[in-house]
Number of protein chains: 2
Amino acid sequence: MPEADYAVLTEQSLARYIAQRPALSARLGLASDLEITEVGDGNLNLVFIVRSASQPERAAVVKQALPYLRVAGESWPLTRDRVRFEAQSLREYNRLVPGLAPEVYDFDPAQSVLAMEYLGRHVILRRPLAARTPLPSFADHISTFLARTLFYTSDLYLTGPEKNALQARFINAELCQLQEAFVYSHPFEAAPENRWNPLLAAEVEMVRRDAQLKREVAELKAGYLTHAQALLHGDLHTGSVMVTADETRVIDSEFAFYGPMGYDVGNVLAHLVLNCLAHQVHTPEAAERRTYQCYLLDVVREVWIGFAGKFEALWATNRCGSLGGASYFDFLGGEAAFAQFQADYLRAVMRDTIGHAGCEILRRLMGIVSVWELTSITDDALRATAERLALEVGRQWILQRGQFARIEDALAVVHSCLDDNL
Amino acid sequence: MPEADYAVLTEQSLARYIAQRPALSARLGLASDLEITEVGDGNLNLVFIVRSASQPERAAVVKQALPYLRVAGESWPLTRDRVRFEAQSLREYNRLVPGLAPEVYDFDPAQSVLAMEYLGRHVILRRPLAARTPLPSFADHISTFLARTLFYTSDLYLTGPEKNALQARFINAELCQLQEAFVYSHPFEAAPENRWNPLLAAEVEMVRRDAQLKREVAELKAGYLTHAQALLHGDLHTGSVMVTADETRVIDSEFAFYGPMGYDVGNVLAHLVLNCLAHQVHTPEAAERRTYQCYLLDVVREVWIGFAGKFEALWATNRCGSLGGASYFDFLGGEAAFAQFQADYLRAVMRDTIGHAGCEILRRLMGIVSVWELTSITDDALRATAERLALEVGRQWILQRGQFARIEDALAVVHSCLDDNL
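None of the values given here were measured: they were computed from a predicted structure.

Caption draft 1: Inspection of the overall build of chain A at higher detail. In terms of regular secondary structure, chain A is built from 15 helices and 12 strands. A compact globule built from 422 residues should have a C-alpha radius of gyration of about 22 Å, and chain A, at 22 Å, falls within 12% of that. Projected onto its principal axes, the C-alpha coordinates of chain A cover approximately 65 × 60 × 40 Å. Sequence-distant contacts in chain A: of pairs separated by 6 or more residues, those separated by 24 or more amount to 73%. Entry remark: accessible area of chain A is about 15,600 Å², with carbon and sulfur atoms responsible for 54%.

What follows is the structure in structure tokens.
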């Protein structure tokens, strides 16, 4: 990635660039026939939509990484190498879960350019959720995504050298450092960039001084830093998923690294819960609100149950990795021991999932980055009604994560917070 | 490491080789003045001792990796790259624990040659232990080695990017695969290379069919595979340590990788216990035996207590890593929370230590590699008396590792096995 050759693309220069890349010109046709529009917010990456004017089915999204991250008004140097992690992980997804991530057309490390499938019909998951749209296939799709990407990159499927080879390509130091600081540390201490609702000042302060909670968050952070269990997406919130009524695509995987499975699963759950609780304000009509909130919590249940079931099934039929293999459990009573080992393994993933989800919920209330569901509520008092519930769920999920035997037990915490708030 | 250039060294060619390496010729003097002797067993590496004839204080050990491992009579291709891991880790030790590992003089990746300090006065730790020699500084030295190498390479001291940079240099796929197979899997299943005392057939079979034990060993294996907590030596048995009455040097670190701290600490403890139990046969006189066995178990205690105390002290005065930092615990009651977090952290390391030690003890009884302390007892019946005790200690340590509050509780298991055998 020689800096000297790197040039920021424009709508004009992109046509010439495409003409020089065989993979792209073959797919998109003549450069002179292309319509190119820059659509990104320019905070982190340039994002262009490219279409053939004469054949609109020929299209692509072209993403170029900029050498900095603009956050809270400041510019923060950030390796362009992050687009390599996105390209590599999307290619793994194309192989492991075809149809659940955009197809990769081309990757150019020198220019930090990644070209992929244009998702013209898809919308960011957060939008239909805010509009109380039912998503009948989402839980099935995302649980398949989670089960397959996590299982097939773990020691349950791979041999040691296979896993090590993959892991070596995903040492994602800079982006992991952002995440570990902005999820597990800064929101919980006096960091200047933190933002929170002034009406929640007392509750936020209480979290920051809660000795037991802080120890638990530190333990979860240790897991993020050291538990190289599977190849994670690393930022799997409702803004990283695009959907139609019957399709799901996971995008923006530049945070990909080897970490604890519960981090990815927990992110999905946390953002469904945040959306659910934001309806406390977004949907004023009580019956309508309650129906959709229960629907979303049922989606959470289906995501976990679907993930755990599919993961277990993959493991039962693919016992070829370095952990939990068939020959190791080949003794009288071995099948029962294996079943118990599987159950313990998934129980530990659930414990992690609930814990990381709790951290994710809290950090969106008291750290530098919130979520649109909350920030779109401009009235502090109204927003506080949703945020108080979220804070309570986050707190309880972290503290009680070891005590939940089933996902329903964790959801009972959310239901109970909603009931108290009727 | 181009294969074409690689040439196996001989006593003759080594003199010419040294003359071409400035770091070596500067240290050793004229090639014509050198006395060179091959001293290795040629199973894995060539090892030469090189000395100046006219100035015997000018000396070095030169180690060249062969492209295979000879084990159980078979030749097994094995990357010569392992000598890179040894050179890299020894250089870390030279920095972190100067005087506790041989000084590195030169490393040549093309020829897989590592030149280091010649330890002419030192003997392999196993020898004085077998001769019932007291080693007054060993526990202090090895606990310093463990505390410093593990603390300074962990998230407690390093930032994320610092740790990731180090970790990327220690993805040691081939050697880790040997270890995970030969420590945690093969000894516990029907693998053709396993060897065990026929008089212990029933006990060995019981271990291989013990459902709970097998699940616990699988959990420990998961830790070996996924818990990237610190840079480990990776093979820290009594054959990897050289001593004099007042000096200690750790050698042979080619298995170095990022793994759970308890693996290294546990290996030290396991081999002291194996040596202790082998005295059951090696030292027939009861009082003399009992005295040295108690001495060795006291060394085990001192190693753990020394390690934990030094580790805690380093952490208290170096809170600059990504985990457990000072600002995170800067709140009313934060110091108590930090102390509790430290205590929980070390308790988890102790639990891991005892568990990995238990696996190491068992695999030396029922896997492909035993230890000299046991194999030197040629009479099956006599050897079985020591091995039965070891099997019982290994089993109990694995199963009860979560219940020991202090190291003395784990040692009580060994004392109790010895008492039963009086």
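Moving on, there is more to tell.
Caption draft 2: Representation of the relation of the copies chain A and chain B. It takes a turn of 180 degrees to lay chain A on chain B, together with a shift of 0.0 Å along the axis; the resulting RMSD is 0.0 Å. Here the transformation between the copies is reduced to the relation of a two-fold axis. Taking C-alpha positions as reference, the residue of chain A nearest the rotation axis is His227(A), located at 2.5 Å. When the interface residues of chain A are mapped onto chain B, 100% of them again lie at the interface, so the same face is used by both copies.

Caption draft 3: Main features of the interface of chain A and chain B. Every contact between the two is made by 41 residues of chain A and, on the other side, 41 residues of chain B. Taken together, both faces of the contact between chain A and chain B bury some 3,500 Å²; the carbon and sulfur share is 64%. When the buried area of chain A at its contact with chain B is split by residue, Arg215(A), Thr226(A) and Tyr328(A) rank highest and sum to 20% of it. Taken together, the connections running from chain A to chain B amount to 2 salt bridges. The partner of Asp344(B) in a salt bridge is Arg215(A), and the shortest N-O contact between them spans 3.8 Å. Our count for the contact surface shared by chain A and chain B stands at 14 residue pairs in polar contact (both at pLDDT 80 or more). Counting residues per element, the ones that place at least two in the side of chain A that touches chain B are α6 (160-168), α7 (173-185), α9 (211-226) and α12 (334-366) of chain A.

Caption draft 4: Broad picture of the packing of aromatic side chains. Within this structure, the stated rule accounts for 44 aromatic pairs over all chains. Their ring planes at 45 degrees and their centres at 5.5 Å tell us that Tyr184(A) and Tyr224(A) sit as a pair that is tilted. Within this pair, whereas Tyr184(A) is found in helix α7, its partner Tyr224(A) is found in helix α9, the two being separated by 40 residues in sequence. The exposure class of Tyr224(A) is buried, given its relative accessible area of 2%. Here the aromatic rings of Phe85(B) and Phe170(B) are separated by 6.4 Å at their centres, their planes lie at 40 degrees, and the arrangement is tilted. Taken together, the residues span a long stretch of sequence, with Phe85(B) in helix α3 (residues 82-96) and Phe170(B) in the loop between α6 (160-168) and α7 (173-185) at a distance of 85 residues. Judged on exposure class, the residue Phe85(B) and its partner Phe170(B) are both buried. Grouped by ring-pair contacts, the aromatic residues Phe151(A), Tyr152(A), Tyr157(A), Trp304(A), Phe307(A), Phe311(A), Trp315(A), Tyr328(A), Phe329(A), Phe338(A), Phe341(A) and Tyr345(A) constitute a single cluster. A cation over a ring is seen here: Arg27(A) above Tyr105(A), with NZ or CZ 3.7 Å from the ring centre.

Caption draft 5: Fine view of helix α8 (residues 201-208) of chain B. All names here are of chain B. The complete set of buried residues in α8 reads Val 204, Val 207 and Arg 208. Buried residues of α8, seen end-on, are gathered within an arc of 100 degrees and therefore sit on one face of the element. Projecting away from the buried face of α8 at angles above 90 degrees are the exposed residues Ala 202 and Met 206. Looking at the buried residues of α8, the elements they touch are α9 (211-226), α12 (334-366) and α14 (380-400).

Caption draft 6: Local environment of the sheet that holds strand β2 (residues 45-52) of chain B. Residue and element names in this part refer to chain B. Strand order in the open sheet made by the 5 strands is β1-β2-β3-β7-β6, with antiparallel pairing throughout. Only two strands of the sheet have a single partner each, and these edge strands are β1 (34-38) and β6 (104-108). The average undirected angle you get between the axes of adjacent strands in this sheet is 20 degrees. As judged from the 4 bridges shared by strand β3 (residues 59-65) and strand β7 (residues 113-116), these two strands associate in the antiparallel manner. Bridge pairing in β7 links Gln 64 to Val 113. This element, helix α1 (residues 11-20), spans β1, β2, β3, β6 and β7 of the sheet and lies at about 130 degrees to β1. Across the face of the sheet, α3 comes into contact with β2, β3, β6 and β7 while running at roughly 150 degrees to β6.

Caption draft 7: Region of the structure containing the sheet that holds strand β2 (residues 45-52) of chain A. Residues and elements named next belong to chain A. Taken in spatial order, the 5 strands line up as β1-β2-β3-β7-β6 in an open sheet, and their pairing is antiparallel. Two strands lie at the open edges of the sheet, namely β1 (34-38) and β6 (104-108), each paired on one side alone. Between one strand axis and the next, the sheet turns through 20 degrees on average, direction left out of account. As judged from the 5 bridges shared by β1 and β2, these two strands associate in the antiparallel manner. Paired with Glu 35 across the two strands is Arg 51, which belongs to β2. Strands in contact with helix α1 (residues 11-20) are β1, β2, β3 (59-65), β6 and β7 (113-116); relative to β1, the strand with the most contacts, it is inclined by about 130 degrees. Set on the sheet, helix α3 (residues 82-96) makes contact with β2, β3, β6 and β7; between it and β6 the angle comes to about 150 degrees.

Caption draft 8: Layout of the domain arrangement of chain A. Residue and element names in this part refer to chain A. Entries for chain A in the domain assignment read domain 1 (11-116) and domain 2 (123-420). With centres defined by C-alpha atoms, the gap from domain 1 to domain 2 works out at 28 Å. If you look at the interface, domain 1 gives 25 residues, while domain 2 gives 28 residues. The tally of links from domain 1 across to domain 2 stands at 2 salt bridges. Ionic pairing is found between Glu 92 and Arg 169, a salt bridge with its closest N-O pair at 3.8 Å. If you look at where domain 1 meets domain 2, you find 8 residue pairs in polar contact (both at pLDDT 80 or more). At the level of elements, β4 (68-71), β5 (74-77) and α3 are the ones that each hand at least two residues to the side of domain 1 that touches domain 2.

Caption draft 9: Focus on the environment of Ala228(A). Position of Ala228(A) among the secondary structure elements: in the loop between α9 and β9 (230-232). Expressed as a C-alpha distance, the spacing of Ala228(A) and Phe257(A), which sit 29 residues apart in the sequence, is 8.4 Å. In contact with Ala228(A), not counting residues within four places along its chain, are Lys163(A), Gln167(A), Tyr258(A), Gly259(A) and Thr226(B).

Caption draft 10: Examining the packing of helix α10 (residues 261-282) of chain B against helix α15 (residues 407-420) of chain B more closely. Residue and element names in this part refer to chain B. Here α10 crosses α15 at 20 degrees, and the two axes come no closer than 11 Å. Viewed along their axes, α10 and α15 adopt a mutual orientation that is roughly parallel. For the element pair α10 and α15, the recorded crossing hand is right-handed. Across from Leu 269, Val 273, Cys 276, Leu 277 and Gln 280 in α10, the residues of α15 making contact are Ile 407, Val 414 and Leu 418. Among the residues forming the contact of α10 with α15, the class breakdown is 7 nonpolar, 1 polar and no charged.

How each quantity is defined
Residues numbered from 1 in each chain as written. Chains lettered and ligands numbered in written order. Predicted model: local features only at pLDDT ≥ 70, side-chain atom pairs only at ≥ 80, totals over all residues. Heavy atoms only, no water. Helix = DSSP H or I, 4+ residues; strand = E, 2+ residues; numbered from the N terminus. Rg over C-alpha atoms; globule rule 2.2 N^0.38 Å. Contact = heavy atoms within 4.5 Å. Areas by Shrake-Rupley, 256 points an atom, 1.4 Å probe, with all protein chains shown as cover. Least-squares fit on C-alpha atoms with pLDDT ≥ 70 in both. Buried area = accessible area lost by both parts, 1.4 Å probe. Salt bridge = Lys/Arg side-chain N within 4 Å of Asp/Glu carboxyl O. Polar contact = N/O pair within 3.5 Å; in protein donor to acceptor, adjacent residues only side chain to side chain. Phe/Tyr/Trp six-rings, centres within 6.5 Å; stacked < 30°, edge-to-face > 60°. Buried < 20%, exposed > 50% of the residue type's maximum accessible area, 1.4 Å probe, protein only. Lys NZ or Arg CZ within 6 Å of the ring centre and 35° of its normal. Arc of directions from axis to C-beta. Pairing = 2+ DSSP bridges. Axes fitted to C-alpha atoms, helices over the stretch in contact; angles between N-to-C directions. Domains from an automatic or database assignment. Parallel < 35°, antiparallel > 145°, perpendicular 65-115°, else oblique. Left-handed = near helix turned anticlockwise from the far one by under 90°. Nonpolar A, V, L, I, M, F, W, Y, C, P; charged D, E, K, R; others polar.

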